[in-house]
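Fold and geometry: a report
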Amino acid sequence: MLLTILGGCGAWPGAGQACSGYLVEHDGFRLLVDPGYATVPRLLERVAADQIDAVFVSHGHPDHCADLNPLLRARALRDDPPAPLPVYSPPGALDAVLALDRPGMLADAYVLREFTAGDRLGIGPFDAWTRLLPHSVPNAGVRLTAGDRVLAYTGDSGPSPDVVELARGAHLLLHEATYADRVPEGSQRHLSSAREAGRQAKEAGVRHLVLTHLQPGTDAVAAQAAAGAGYDGEIGVAVSGLAVDLS
Ligand SMILES: [Zn+2]
């Protein structure tokens, strides 16, 4: 299983950067997880739009799904459009982004497969266990298994025993860390700090932690240090172009 980070900014894309977007490949199958703002140009540097086999969206915030629109346009507006793209999302999460173009324009470009967080999905070679994690809108964390490799991704989530269960024993945990040390009051149930991500990675016994969704202004070095206070495994920070081979 190969993970390639397309972007790792939380909330909005910093200068020259992109929001959440992760290409996960196994056995020639390409799954795009969370096509957030500005991820499609990074994606197209690596693969053509018609080479994506499925999309998984954790929740409906635009920093996690806005670039579904240009991805569908890149498939629908060519002379020989590819087969409809399977798009997995929590119910209603994509209503806004799918309404950006005139009704029907992109209708043949995708097939929407809405699921309820907690469902177990088969997506190509991936076994995808979803889990409802605490955020301001329904957010599905996902545990992707292919062969004997496991990648867990939180989407956006406050600290929760459910994150630990989702990530239990994973080879890699991709964990939202909007802030390094402290989440502002009012967001503490819905977002995490890098410090909390490290604590949860340790409790889950994961081999490798990658911090993502750092809000522009959050210092990556400080975030890494904060996560390292509670976790002694390998810690990375998601930036466009970072690739991790889990095999
Ligand atoms: Zn969010």
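Placed above this text is the structure.
The notes below deal with the structure included here.

What counts, and at which threshold
- Residues numbered from 1 in each chain as written.
- Predicted model: local features only at pLDDT ≥ 70, side-chain atom pairs only at ≥ 80, totals over all residues.
- Heavy atoms only, no water.
- Helix = DSSP H or I, 4+ residues; strand = E, 2+ residues; numbered from the N terminus.
- Buried < 20%, exposed > 50% of the residue type's maximum accessible area, 1.4 Å probe, protein only.
- Contact = heavy atoms within 4.5 Å.
- Axes fitted to C-alpha atoms, helices over the stretch in contact; angles between N-to-C directions.
- Left-handed = near helix turned anticlockwise from the far one by under 90°.
- Nonpolar A, V, L, I, M, F, W, Y, C, P; charged D, E, K, R; others polar.
- Donors = N, O, S within 2.8 Å, 3.2 Å for Na, K, Ca; no water.
- Arc of directions from axis to C-beta.
- Pairing = 2+ DSSP bridges.

1. Some remarks on the environment of P134
Residue placement: P134 occurs in the loop between strand 8 (126-133) and strand 9 (139-146). Of the residues examined, P134 reaches a relative accessible area of 27% and is grouped as partly exposed. Among all residues touching P134, those that are not within four sequence positions of it are D156, S157, G158, P159, S160, R189 and H190.

2. As for the packing of helix 6 (residues 194-204) against helix 7 (residues 220-228)
One can describe the packing of helix 6 onto helix 7 by two numbers: an axis separation of 7 Å at closest approach and a directional angle of 35 degrees. Here helix 6 and helix 7 pass one another in a crossing that is right-handed. Every residue of helix 7 that contacts helix 6 at A194, R195 and G198 is listed here: A223, A226 and A227. Looking at the contact of helix 6 with helix 7 residue by residue, the classes come out as 4 nonpolar, 1 polar and 1 charged.

3. Here's the deal with the coordination of the zinc ion
Taken together, H59 (NE2), H61 (ND1), H135 (NE2) and D156 (OD) make up the full set of protein donors to the zinc ion, lying 2.2 to 2.3 Å away. The exposure class of H61 is partly exposed, given its relative accessible area of 23%. A residue is classified by how much of its surface remains accessible, and D156, at 2% relative accessible area, is buried.

4. Side note on helix 7
Among all positions of helix 7, only A223, A226 and A227 are buried. Angularly, the buried residues of helix 7 cover 95 degrees about the axis, an arc narrow enough to put them on a single face. Among the exposed residues of helix 7, those oriented more than 90 degrees off its buried face are V221 and A225.

5. Observations concerning the sheet that holds strand 14 (residues 243-245)
Strand order in the open sheet made by the 7 strands is 6-5-4-3-2-1-14, with mixed pairing throughout. Sheet topology places strand 6 (110-114) and strand 14 at the edges, where each strand pairs with a single neighbour. Taking the axes of each pair of neighbouring strands and ignoring which way they run, one obtains an average angle of 20 degrees across the sheet. As defined by bridge partners, strand 5 (residues 85-89) adjoins strand 6 across 5 bridges and the pair is classed as parallel. Opposite S89, over in strand 6, you have E114 as the bridge partner. Set on the sheet, helix 3 (residues 68-76) makes contact with strand 3 (29-33), strand 4 (54-56), strand 5 and strand 6; between it and strand 5 the angle comes to about 165 degrees.

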